[in-house]
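Spelled out, the chains give:
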Amino acid sequence: MKAVVVYKWARNAADAIVRTDGSIDWRNARMAAGEDDPAALAAAKQIAADTDGTVIGLTIGDGDASWALARGVEQAVCVADAPNLADNGATAAVLAAAVRYIGDVDVVVIGDSKQEPGVAVALAGELGWPALVGLHSASMPAGQLQAVRRTVGEQQTLSLSTPAVLGMSAESDADQVPGMKELLAARKRPLTKVTLSDLGTPPVDLVSVGCRKPDSTPSRLFQGEPAQAAAQLVAALRAEGVL
Amino acid sequence: MNTASWVLIASEAWSGALAMVQPLGGAVTAVVVGPRELADEVTASGSGDVLWLEPADGVPAEAYAGTLAAIVAAAAPRVLVSTYDPACRVVLGAASAQLHARLVPNVVGLAWAGDNVLVQRAAVGGATIETLSTDGPVAAIYAGDEVSLPARAPAPVRRLDLAPAEIRILASEPVAVATGLDDAERVVSFGRGVRAKDDVALVRGLAEALDAELACSMPIADDLGWLEKSRYVGRSGNHITPALYMAVGIAGAPQHMEGVRGAKVVAAINSDPDARIFQTADYGIVGDLYEVIPALIAEVHK
């Protein structure tokens, strides 16, 4: 079983600066491991372990591609010149082209990002494969691909045929930070760099025509002496009618 | 000009997505995947044609994504909208690829600018609303609030009979929800800012003072076992709608905040002024919870 784990495929929005007029400065926001990437990697490794298979990493853009290589993935492919796109479908088209470039892939596992919730499903659409997203875990016992998802009040175990796309949803910020030994080993593992022209997928995007600040009120923060801050908070909550 | 819109619905949150396409003025078609009651609710909004598919027993909605996508693609709407529901998004992804549509998440508004569609999306975690323009078809994932739709003459429901792909539900088990938490008026919840299991008594004291239920973040229940698992709030745990949610020593990870999206007022206590929870909380105290909680209890009892 050949599993591909897609990682570091979106910019870290926390590093973007929103100016007072609402416009966005993305210059300091590099590609970063998403909050769901560790869950995706764990699922891909589990599927490979269950089938004596392999995991291949796939990343795009200018981020450090060693994230997966330092976490036990033996080889990775990077589409280094893939731009950041507002169109989740265009991002997915680049990833789908890279999956086809890797070839003979049985399962693609990707974080079902809350910030970019269209990429995992569009990737399945581009590949024409069945998909499940919002998953908690995945495995492949007795040759059958299975996934678990939890919704409010219910846990479901599902099976699906391969090839397939699985969108994993992290339940916490858990990530196993690799040690120096793993980081050094990652440098020796093969990383294949491909370009958009290699893949034949020139991305087309929407045009941004403006930004504005949303209509919301910022948090009211109370600081200083605990007794004074507590009095201010309790007064505010009583004024809201919730105490 | 093609002004047709299709809306994908597979769960109870659908009114906002449907309301978003109505001002566009074109013909609206809703695709409902689920029980007949859901299709009837959508029909009662009188929004246009309603196509209804009821998944077979043991088959999830996602199993019909490929065949539904082919139906959507054959109709070639200019705008296709789904809710955030996982099954809806899978159908959207399949249809969007066939339509060669621009797929935009976190969408809160749509409008025309000549022949172009203007798409308003929440960007950078909702810190700004960006307007995007395209002259092609658009697939949008709705991220706005639910709305109240006026009742209109119901549209007829056309039933779809489609063959599913090989996806099956092998097992389905209920996940316990703590008694009293789902309908609590006030909830005090704590996270890793609480340093030791013995200190949970301090937070419990605050909950008692506020006449609130006690809850926690996932690691407290799952990793540390300081509170039963039925009491954790978050993406895979409880989704609650109290009037007041007081988060104590909780960083505010998106996975946690998903569980309290329906809270009326969120208050947070955290020693880190840059904690993520202060981006979404209505009120906050920046301070050491071990000093702030006794002060809060004293203030409430005054």
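These numbers were taken from a predicted model, which means no experiment stands behind them.

## Remarks on the packing of helix α5 (residues 200–209) of chain B against helix α8 (residues 289–301) of chain B
Residue and element names in this part refer to chain B.
Argument step 1. Direction vectors running N to C along α5 and α8 enclose 25°, while the axes themselves pass 10 Å from each other. The orientation of α5 with respect to α8, classified from their angle, is roughly parallel. Crossing handedness for the pair α5 and α8: left-handed. Of the residues in α8, those touching α5 at Leu202, Val203, Gly205, Leu206 and Ala209 are Leu289, Tyr290, Ile293, Pro294, Leu296, Ile297, Val300 and His301.
Argument step 2. Among the residues making up the contact of α5 with α8, the classes are represented as 11 nonpolar, 2 polar and no charged.

## A word on empty space enclosed by the protein
It is the rolling of a water-molecule-sized probe over the atoms that shows where space remains empty.
Residues and elements named next belong to chain B.
Argument step 1. Enumeration according to the criterion identifies 1 cavity of 30 Å³ or more in this entry.
Argument step 2. In this model, the largest cavity occupies a volume close to 50 Å³.
Argument step 3. Taken together, Leu8, Ile9, Ala10, Val31, Val33, Ala61, Leu68, Ala87, Cys88 and Val91 form the lining of the largest cavity.
Argument step 4. When residues of the lining of the largest cavity are traced back to their parent elements, those giving at least two are β1 (5–9), β2 (28–33) and α4 (86–99).
Argument step 5. In terms of residue count, α4 provides more of the lining of the largest cavity than any other element does, 3 residues in total.

## So, the packing of aromatic side chains
Argument step 1. The tally for this structure, following the rule as stated, stands at 2 aromatic pairs over all chains.
Argument step 2. Over the ring of Tyr84 of chain B we find Lys114 of chain A; its NZ or CZ atom is 3.9 Å from the centre of that ring.
Argument step 3. The ring of Tyr84 of chain B has Arg89 of chain B sitting right over it, with the charged end atom 4.2 Å from the ring centre.

## Looking at the nonpolar core
Argument step 1. Residues Val79, Val108 and Leu166 of chain A are the most contacted members of the largest nonpolar core, which totals 96 residues.
Argument step 2. In contact with Leu166 of chain A, not counting residues within four places along its chain, are Ile47, Val107, Val108, Val109, Ile110, Leu132, Leu135, Ala138, Leu145 and Leu160 of chain A.
Argument step 3. Within the second largest apolar cluster, 42 residues are counted, among which are Phe222 and Val242 of chain A together with Ala207 and Ala267 of chain B.

## Quick word on the interface of chain B and chain A
Argument step 1. Each partner contributes residues to the interface: chain B has 73 residues there, and chain A has 75 residues.
Argument step 2. The junction of chain B with chain A conceals about 6,400 Å² of combined surface from both sides, 58% of it contributed by carbon and sulfur atoms.
Argument step 3. In this structure, the connection of chain B to chain A is made through 3 salt bridges.
Argument step 4. Across the pair Asp87 of chain A and Arg102 of chain B runs a salt bridge whose closest N-O atoms are separated by 2.5 Å.
Argument step 5. Remark: the boundary between chain B and chain A carries 30 residue pairs in polar contact (both at pLDDT 80 or more).
Argument step 6. With 8 residues, the single largest contributor to the side of chain B that touches chain A is strand β10 (residues 167–174) of chain B.
Argument step 7. Looking at the side of chain B that touches chain A, its residues break down into 42 nonpolar, 14 polar and 17 charged.
Argument step 8. The pairing of strand β12 (residues 154–160) of chain A with β10 of chain B spans 7 bridges and is classified as antiparallel. Of the residues in β10 of chain B, the one forming a bridge with Thr157 of chain A is Ala171 of chain B.

## Remarks on the sheet that holds strand β4 (residues 79–82) of chain B
Argument step 1. The sheet built from 10 strands is open, its strands ordered β15(A)-β7(B)-β6(B)-β5(B)-β8(B)-β4(B)-β1(B)-β2(B)-β3(B)-β9(B) with mixed pairing. Looking at which strands have only one partner, the edges of the open sheet turn out to be β15 (207–212) of chain A together with β9 (157–159) of chain B. Pairwise comparison of adjacent strand axes, ignoring direction, gives a mean angle of 30° for this sheet.

## Details of the domain arrangement of chain B
Often the size quoted for an interface is simply the accessible area lost on bringing the parts together.
Argument step 1. Taken domain by domain, chain B comprises domain 1 (5–159) and domain 2 (186–301).
Argument step 2. For domain 1 of chain B and domain 2 of chain B, the distance between their C-alpha centres works out to 35 Å.

## Digging into the sheet that holds strand β16 (residues 220–222) of chain A
Argument step 1. The strand order β16(A)-β15(B)-β14(B)-β13(B)-β11(B)-β12(B) describes an open sheet built from 6 strands, whose pairing is parallel. Looking at strand neighbours, the two that pair on one side only are β16 of chain A together with β12 (213–216) of chain B, the edges of this open sheet. Direction aside, the axes of adjacent strands within the sheet are offset by 20° on average.
Argument step 2. Of the strand pairs in this sheet, strand β11 (residues 186–190) of chain B and β12 of chain B are connected by 4 bridges, and their pairing is parallel.

## Focus: the pattern of salt bridges
Argument step 1. One pass over the structure, following the stated rule, counts 16 salt bridges over all chains.
Argument step 2. For the salt bridge of Arg27 of chain A with Asp25 of chain A, the shortest nitrogen-to-oxygen distance reads 2.8 Å.
Argument step 3. Residue Arg27 of chain A is classed as exposed on the basis of its relative accessible area, which comes to 70%.
Argument step 4. For Asp25 of chain A, a relative accessible area of 9% puts it in the buried group.
Argument step 5. Two residues, Arg89 of chain B and Asp112 of chain A, come together in a salt bridge whose shortest N-O distance is 2.8 Å. With Arg89 of chain B in helix α4 and Asp112 of chain A in the loop between β8 (107–111) and α4 (119–127), the pair connects residues from two separate chains. Neither residue differs from the other here; Arg89 of chain B and Asp112 of chain A are each classed as buried.

## A few points about the environment of Ala143 of chain B
Residue and element names in this part refer to chain B.
Argument step 1. With respect to the helices and strands, the residue Ala143 is situated in the loop between β8 (138–142) and β9.
Argument step 2. The sequence separation of Ala143 and Val265 amounts to 122 residues, and the corresponding C-alpha distance is 20 Å.
Argument step 3. In this structure Ala143 touches Asn106, Val107 and Val108, once residues within four positions along its chain are discounted.

## Examining the side chain of Arg78 of chain B
All names here are of chain B.
Argument step 1. As for its position among the elements, Arg78 is in the loop between α3 (65–75) and β4.
Argument step 2. An unpaired buried charge is present at Arg78: no salt bridge exists, and Asp135, the closest side chain of opposite charge, is 6.0 Å distant.
Argument step 3. Among residues more than four places away in sequence, those in contact with Arg78 are Met1, Asn2, Ala4, Trp112, Asp115, Asn116, Val117, Thr134, Asp135, Gly136, Pro137 and Val138.

How each quantity is defined
Residues numbered from 1 in each chain as written. Chains lettered and ligands numbered in written order. Predicted model: local features only at pLDDT ≥ 70, side-chain atom pairs only at ≥ 80, totals over all residues. Heavy atoms only, no water. Axes fitted to C-alpha atoms, helices over the stretch in contact; angles between N-to-C directions. Helix = DSSP H or I, 4+ residues; strand = E, 2+ residues; numbered from the N terminus. Parallel < 35°, antiparallel > 145°, perpendicular 65-115°, else oblique. Left-handed = near helix turned anticlockwise from the far one by under 90°. Contact = heavy atoms within 4.5 Å. Nonpolar A, V, L, I, M, F, W, Y, C, P; charged D, E, K, R; others polar. 1 Å grid on protein atoms, 1.4 Å probe; cavity = no way out; pocket = protein on both sides within 12 Å on 5 of 7 lines; lining within 4 Å. Points joined across faces, edges and corners; volume = space filled by probe spheres on them. Phe/Tyr/Trp six-rings, centres within 6.5 Å; stacked < 30°, edge-to-face > 60°. Lys NZ or Arg CZ within 6 Å of the ring centre and 35° of its normal. Core = buried A, V, L, I, M, F, W, Y, C linked by side-chain atoms within 4.5 Å. Buried < 20%, exposed > 50% of the residue type's maximum accessible area, 1.4 Å probe, protein only. Buried area = accessible area lost by both parts, 1.4 Å probe. Salt bridge = Lys/Arg side-chain N within 4 Å of Asp/Glu carboxyl O. Polar contact = N/O pair within 3.5 Å; in protein donor to acceptor, adjacent residues only side chain to side chain. Pairing = 2+ DSSP bridges. Domains from an automatic or database assignment. Lys, Arg positive; Asp, Glu negative; His and termini not counted.

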